[in-house]
Amino acid sequence: MRRTAGKLADGREIIYFDDSAEAPPRVAVDTRDLPETQPMSEVRLDPLTREWVAMAAHRQTRTYKPPADLCPLCPSTPGRPTEVPEAEYDVVVFENRFPSLAQNVPDVPSTVDGEELFVRAPGRGRCEVVCFTSDHNKSFGELSQSRVRTVVDAWADRVAFLSTLPGVEQVFPFENRGEEIGVTLSHPHGQIYAYPFVTPRTERMLDAALAYYAEHGRPLFGDVLEAELRAGARVIEESAHWVAFVPAAARWPVEVVLAPRRQVPDIAALSSVERDDFASLYLLVLHRLDALYDRPLPYIAAWHQAPVNVGREEMWLHLQVFSVLRTKDKLKYLAGSESGEAVWINDVTPEQIAERLRGTHK
């Protein structure tokens, strides 16, 4: 892989990750006349749940479902400059033009309305876009194994860098796929959020891991992984270094977890052979997911990693892939119980999900 960094017209960073050193040099210049971005993000702490909420009103003007010939993530062409100045690329990462969190946000008062209960802080972090291919019509599952490996290396590079930024407490790479998920740009891409706090889900997982280790002296996720392998009923795919399974308490009508057999805190800590092995296994899983309803499956792929400064020994890196599609043409809506009380009700058992996925053609 070859890495080349540059700047866009408004000063945002852009980084090209090429599959090999044989790719053309990345020297194209962004010719757009763009004003310097000034995000106004802030975060506020909900006193009732102790969870942070990000406020980013400037995102209301972001690009929304443009036609393919106006896609801002496609390569630039003569007379139509985009977010990517080059005429083609392998994998590219750049700072989001409409970020939920950014380094250059202004300071804000420490409270809302001067009330100590309502804690407030600048939304200081970073949001990046990761384009997996310059081909607008491809999906992640249609990438070559070598390209997926380049994406993994790009993720690892960004996780390592973003973890060093001032104020960043957690780094979250993810992909949203499909209009049913809420995707506003159909070009195959993902994002990376660098949060100024530890996310609620990660806090819950860390609390559970710490309590389990105190009682049993073993990592919780490791024992979960061994139990899934012993049972076998929910395992979808296995390889030398990774396991893909439907969790025993799956919330979503389609949900798969991919986990390394070795405990590592984040993507940057994966070895070369583990990255190779993931690229192969993940493609198999994505092919099964798309074959489930014989249509492109809308999904969210979420990397759960250890925070930057805490839980490095307790967390076990894993990728959660889930979909809102409960049948070929019916969606799972987050209604009263899920949205109001965070109590999930699944219309299908995890064992049924696993059996259906194992029965799909690769």
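Residue positions are counted from 1 within each chain, in the order its sequence is given. Totals for whole chains, interfaces and linings use every residue, but because this is a predicted model, local features are given only for residues with pLDDT of at least 70 and side-chain atom pairs only at 80 or more, for both listing and counting. In computing side-chain values, all of the structure's heavy atoms are included and hydrogens and water are not.

K.L.:
When you look at the pairing of strand 8 (residues 126–131) in this model, what are you seeing that I'm missing?
P.N.:
Remark: exposure states derive from per-residue accessible area (1.4 Å probe, protein chains only) relative to the maximum for the residue type, with buried under 20%, exposed over 50%, and partly exposed in between. Under the DSSP-based scheme used, a helix requires at least four consecutive residues in state H or I and a strand at least two consecutive residues in state E, with every element numbered from the N terminus. Among the 6 residues of strand 8, 6 are classified as buried, and the element is accordingly described as predominantly covered. Side chains R126, E128 and V130 of strand 8 all project onto a buried face; the interleaved residues C127, V129 and C131 project onto the opposite face, where all are buried too. Sheet analysis places strand 5 (residues 91–95) next to strand 8, joined by 4 bridges and oriented antiparallel. Considered in strand 8, the bridge of E95 is made with E128. One requirement defines pairing of two strands: DSSP has to find at least two bridges between them. Two strands pair when backbone bridges link them, and strand 8 and strand 10 (residues 189–195) are joined in this way by 6 bridges, in the antiparallel orientation.

K.L.:
Please explain the side chain of E13 as it appears in this structure.
P.N.:
With respect to the secondary-structure elements, E13 resides in strand 2 (residues 13–18). Only 2.8 Å separates the side chain of E13 from the side chain of R126, close enough to count as a polar contact. Here a polar contact is recorded for every N or O atom pair within 3.5 Å, except that within protein the pair must consist of a potential hydrogen donor and a potential acceptor, and residues adjacent in sequence are included only if both atoms are side-chain atoms.

K.L.:
Just to check I follow, could you spell out helix 4 (residues 272–292) for this structure?
P.N.:
Look at helix 4: 31 Å from first C-alpha to last across 21 residues, which is about the 30 Å you get at 1.5 Å a residue. Just downstream of helix 4, D294 is the residue with a positive phi angle, here 55 degrees. In this analysis, the expected span of each helix is defined as 1.5 Å times one less than the number of residues it contains.

K.L.:
Hey, could you run me through the packing of aromatic side chains in this one?
P.N.:
Here the distance between the centres and the angle between the planes together describe a pair of aromatic rings. By convention, a stacked pair of Phe, Tyr or Trp rings (six-membered ring in the case of Trp) has centres within 6.5 Å and planes under 30 degrees apart, an edge-to-face pair has planes over 60 apart, and any other such pair is tilted. Counting across every chain of the model gives 17 aromatic pairs. Taking 4.6 Å as the distance between ring centres and 20 degrees as the angle between the ring planes, the aromatic pair formed by W252 and F322 counts as stacked. Taken together, the residues span a long stretch of sequence, with W252 in the loop between strand 12 (242–245) and strand 13 (254–260) and F322 in strand 15 (residues 318–323) at a distance of 70 residues. Like W252, the residue F322 is buried in the burial classification. An aromatic cluster is defined as three or more aromatic residues linked by ring pairs; in this entry it consists of F132, F140, W155, W242, F278, Y282 and W303.

K.L.:
Where do I start with unusual backbone geometry in this structure?
P.N.:
Excluding glycine, residues mostly have negative phi values, and the peptide bonds linking residues are mostly trans. For D294, which is not glycine, the phi torsion reads 55 degrees and is therefore positive. Following the sequence through the fold, D294 ends up in the loop between helix 4 and strand 14 (299–304). Phi is positive for A342, close to 60 degrees, though the residue is something other than glycine. Of note, A342 is situated in the loop between helix 5 (336–341) and helix 6 (350–358).

K.L.:
Even after reading the chapter, I still don't get the pattern of salt bridges, so can you show me in this structure?
P.N.:
Close approach of charged atoms allows side chains of opposite charge to pair. We define a salt bridge as a side-chain nitrogen of Lys or Arg found within 4 Å of a carboxyl oxygen belonging to Asp or Glu. Under the criterion given, the structure shown has 32 salt bridges. Salt-bridge contacts for E95 lead to R126; the nearest nitrogen and oxygen are separated by 3.7 Å. A residue pair is termed long-range when its members are at least 10 positions apart, and E95 in strand 5 and R126 in strand 8 qualify at 31 residues. Sharing partners across several salt bridges, the network here consists of R3, E13, E95, R126, E128, D157 and R158.

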